[in-house]
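Residue strings, one per chain:
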Amino acid sequence: YMKEKREPVGTVLFRIGDAPDRMIVIKSGTILLEEIDVRCGAGDVLGEIAAFTRDNRRTCTAICESDCEFYTLSNEAMIQLFYQNPRFGMFLTRIIVQRLLKNWQEADARARALLT
């Protein structure tokens with residue numbers, strides 16, 4: 001289901017507000033999620049959340065901070081696997097929940113730092 005792809009530093013993989021076209025699993029390199037200043041590296045998954053948003057749009061802009069190698073899974077294949085394979089569906093759900101919890105913890109830490 002997945003295709004291997006390479007992109008040079010500076011490549012914009014998707015922009016906030018774009019319709020989702022693929023999920024990405026990073027093989028090597030660093031990808032910046034611009035709006036939240038988060039860097040993703042080898043083994044990280046990104047691009048999956050947009051398929052589950054109410055408006056079906058990207059929530060961040062993703063830019064290659066270095067030359068990157070990654071695997072892509074089309075949005076259509078991801079949705080199909082989500083429905084057909086409960087293990088894959090649980091995998092995606094756990095990734096999304098982990099990301100939401102991490103973002104909440106980081107926001108809470110920033111807020112606490114401002115109060116002290």
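Residues numbered from 1 in each chain as written. Predicted model: local features only at pLDDT ≥ 70, side-chain atom pairs only at ≥ 80, totals over all residues. Heavy atoms only, no water.

**Concerning the pairing of strand S3 (residues 22-28)**
Working note: regular strand, side chains alternate between the two faces of the sheet. Pairing of S3 with strand S8 (residues 68-74), which is carried by six bridges, proceeds in the antiparallel orientation. Within S8, the position partnered with Met23 by the bridge is Leu73. Note: S3 against strand S6 (residues 45-46), two bridges, orientation antiparallel. If you follow Ile24 over to S6, its bridge partner there is Leu46. (Pairing = 2+ DSSP bridges. Helix = DSSP H or I, 4+ residues; strand = E, 2+ residues; numbered from the N terminus.)

**Some remarks on unusual backbone geometry**
One non-glycine residue with positive phi stands out, namely Asp37, at about 50 degrees. Take Asp37: it is sitting in the loop between strand S4 (31-33) and strand S5 (38-40). Residues other than glycine seldom take positive phi values, yet Asn56 does so here, at roughly 55 degrees. Mapped onto the elements of the fold, Asn56 is located in the loop between S6 and strand S7 (62-64).

**Considerations on the sheet that holds S6**
Spatial ordering of the open sheet is given by S1-S8-S3-S6, a layout of four strands whose pairing is antiparallel. Of all strands in the sheet, those bounded by a partner on one side alone are strand S1 (3-7) and S6. Note: S1 against S8, five bridges, orientation antiparallel. Residue pairing in the sheet places Glu4 in a bridge with Tyr71 of S8. Against the sheet, helix H1 (residues 75-84) contacts S3 and S8, and its axis sits at roughly 60 degrees relative to S8. (Contact = heavy atoms within 4.5 Å. Axes fitted to C-alpha atoms, helices over the stretch in contact; angles between N-to-C directions.)

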